[in-house]
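Per-entry structural report
Chain by chain, the residues run as shown.
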Amino acid sequence: QVQLVESGGGLVQAGGSLRLSCAASGRTRRSNVLAWFRQAPGKEREFVAVIDRSGDSTTYADSVKGRFTISRDNVKNTVYLQMNSLKPEDTAVYYCAAGSIYWMAVHSTSEYDYWGQGTQVTVSS
């Protein structure tokens, strides 16, 4: 089992920044990727960003490319999501996820075995 605990969400004005953290514990070596997803009210959960175990490979949703940066600290078993130039449409609950996944499938929610409880991000206009 892998446990994931997110933190860092909050209320920010449009154009502002937030950094989310996700601390992983348990059998973390079973997972080769860590990812962030988000879910806005009335919408399906969507992919945001993913990073591989080494930190060398990342990919982003088009909607956040150039504004968000995913990174990880393998000593602390923590993955981060730095969010800059936030927009009201970024408002959502953000979830951390982990799994052992082929890279071509990292966008799919159904591929992930472990999920955090989520952290709310609200961007006011």
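In case you missed it, the structure is sitting above this.
Here we summarise the structure given alongside this text. Every residue gets a number counted from 1 within its own chain, in the order that chain's sequence is written. Under the rules for a predicted model, residues below a pLDDT of 70 receive no local features and side-chain atom pairs below 80 are neither given nor counted, while totals for whole chains, interfaces and linings still include all residues. Based on all heavy atoms of the structure, the side-chain values leave hydrogens and waters out of the count.

**Topic: the sheet that holds strand β1 (residues 2-7)**
Worth spelling out the cut-off: Two strands form a pair only when DSSP identifies at least two bridges running between them. In DSSP terms, a helix is any run of H or I states spanning at least four residues, a strand is any run of E spanning at least two, and both are numbered starting from the N terminus. Between the N-to-C directions of two axes lies an angle of 0 to 180 degrees, each axis being a line fitted to C-alpha atoms and, for a helix, fitted only over the stretch in contact.
Strand order in the open sheet formed by four strands is β1-β3-β8-β7, with antiparallel pairing between adjacent strands. Each of the sheet's edge strands pairs with one partner strand only, and the pair in question is β1 and β7 (68-73). When strand polarity is set aside, the average angle formed by the axes of neighbouring strands in this sheet is 15°. Note: β1 against strand β3 (residues 18-26), six bridges, orientation antiparallel. By the bridge assignment, glutamate 6 is partnered in β3 with cysteine 22.

**Side note on the state of the cysteines**
Keep this limit in mind: Two cysteine sulfur atoms form a disulfide, by the criterion used here, when they sit within 2.5 Å. Exposure categories follow from relative accessible area, calculated using a 1.4 Å probe and restricted to protein chains: below 20% of the type maximum is buried, above 50% is exposed, and the middle band is partly exposed.
Summed over all chains, the structure comprises one disulfide. Residue cysteine 22 pairs covalently with cysteine 96 via a disulfide, S to S 2.2 Å. Disulfide cysteine 22-cysteine 96: torsion about the S-S bond near -85°, hence left-handed. Pair noted here: cysteine 22 is in strand β3 and cysteine 96 is in strand β9 (residues 92-99), with a separation of 74 residues, a long-range link. A residue is classified by how much of its surface remains accessible, and cysteine 22, at 1% relative accessible area, is buried.

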